[in-house]
Amino acid sequence: MSANKRIMKEYAEVQSNPPPGCKITLENEGDMNLWNVVMDAPSDSTYAGGHFKIAIKLPKEYPFKPPVLNFKTKLYHPNVMNDETGSMCLGMLRPDEWKPPNKIADVLKLVRAVLASPQPDDAVEQGIADQYKNDRKAFDKTAKEWVSKYAK
């Protein structure tokens, strides 16, 4: 199966059976390699009520190379870069961890799980991770302020 057929098949699957809390569209009609996702934060998480925009870029070599995922909505989270890239530290997206059977729907389910339960020991933002571990109340307050400010 060519990469393009695989991508088309996965896109059809997420349209008919989207991962929980996700709405997925194409960046440009006809370009199957750029997906836009709007993810609703889990209702039982610090980010409840937030709607997060995520860009997914599928390389030409997909599924043999992992997709690239970037948060376009600012997010106060130890596993998401607090810069204009919004890169997320997710083990399964590392080239040495990625397996061709993995699917975008599985990636999105994992992203949503990490939204619900940050992983401070695998952080890209160490200061936020330290606050999460040592002053959870202050972390929750800032995270909720950012949801109100950026993710509504």
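Below, the structure is looked at part by part. The numbering scheme is per chain: residues are counted from 1 as the chain's sequence reads. Side-chain atom pairs in this predicted model are given and counted only at pLDDT of 80 or more, local residue features only at pLDDT of at least 70, and totals for whole chains, interfaces and linings cover all residues. By convention in this description, side-chain values take in all heavy atoms of the structure and omit both hydrogens and water.

### Considering the overall build of the protein chain
Right, on to step 1. Put simply, DSSP H or I for four residues or longer makes a helix, DSSP E for two residues or longer makes a strand, and each gets a number counted from the N terminus. Per the secondary structure count, the protein chain includes four helices and four strands.
Right, on to step 2. Our radius of gyration is a C-alpha quantity, and the globule rule it is checked against amounts to 2.2 Å times the number of residues to the power 0.38. Against the compact-globule benchmark of 15 Å for 152 residues, the protein chain has a radius of gyration of 16 Å, which places it among compact chains.
Right, on to step 3. With the principal axes as the frame, the protein chain shows a C-alpha extent of 50 × 30 × 25 Å.
Right, on to step 4. The buried label applies to any residue whose accessible area, calculated with a 1.4 Å probe on protein chains only, is under 20% of its type's maximum; exposed applies above 50%, and partly exposed to all values in between. With 152 residues in all, the protein chain has 45% of them scored as buried.
Right, on to step 5. Here, residues are in contact when the closest pair of their heavy atoms is within 4.5 Å. Counting contacts in the protein chain only where the partners sit at least 6 residues apart, residues at least 24 apart contribute 53% of the total.
Right, on to step 6. Throughout, the Shrake-Rupley method with a 1.4 Å probe supplies accessible areas, and for residues the shown protein chains are the sole cover considered. Summed over its atoms, the accessible surface of the protein chain is roughly 8,200 Å², and 51% of this surface lies on carbon and sulfur atoms.
Right, on to step 7. A positive count includes Lys and Arg, and a negative count includes Asp and Glu. His and the chain ends are not counted in either. In plain terms, the charge of a residue is placed at NZ if it is Lys, CZ if Arg, CG if Asp and CD if Glu. A distance of 3 Å separates the average location of the 22 positive side-chain charges in the protein chain from that of its 20 negative side-chain charges.

### Some details on helix H2 (residues 104–116)
Right, on to step 1. Here the expected span of a helix is defined as 1.5 Å times the quantity of residues minus one. Given a rise of 1.5 Å per residue, 13 residues ought to cover 18 Å, and the 19 Å separating the end C-alpha atoms of H2 matches this to within 8%.
Right, on to step 2. Listed in full, the buried residues belonging to H2 are Ile104, Ala105, Val107, Leu108, Val111, Val114 and Leu115.

### Details of the environment of Pro120
Right, on to step 1. Along the chain, Pro120 falls in the loop between H2 and helix H3 (126–134).
Right, on to step 2. Remark: the alpha-carbon pair of Pro120 and Lys133, spanning 13 residues in sequence, is separated by 7.1 Å.
Right, on to step 3. Beyond its immediate stretch of four places on either side in the chain, Pro120 contacts Pro78, Ala129, Tyr132 and Lys133.

### Considerations on the state of the cysteines
Right, on to step 1. Any two cysteine sulfur atoms within 2.5 Å of one another count as a disulfide. Scanning the model with the defined rule gives zero disulfides in all.
Right, on to step 2. The thiol of Cys22 is not disulfide-bonded; the next cysteine sulfur, from Cys89, is found 19 Å away.

### Examining the packing of aromatic side chains
Right, on to step 1. Centre distance within 6.5 Å is the pairing criterion for rings of Phe, Tyr and Trp, where only the six-membered ring of Trp is used; planes under 30 degrees apart are then read as stacked, over 60 as edge-to-face, and the remainder as tilted. Counted by the stated rule, this structure contains eight aromatic pairs.
Right, on to step 2. Here Tyr47 and Phe52 contribute two aromatic rings whose centre-to-centre distance is 6.2 Å and whose plane-to-plane angle is 80 degrees, an arrangement assigned as edge-to-face. Comparing Tyr47 with Phe52, the two get one shared label, buried.
Right, on to step 3. Look at Tyr76 and Phe139: their rings are 5.7 Å apart centre to centre, the planes differ by 35 degrees, and that puts the pair in the tilted class. Separated by 63 residues along the polypeptide, Tyr76 in the loop between strand S4 (68–71) and H2 and Phe139 in helix H4 (residues 136–150) bring together distant segments of the chain.
Right, on to step 4. Among the aromatic side chains, those forming a connected cluster through ring pairs are Tyr76, Tyr132, Phe139, Trp146 and Tyr150.

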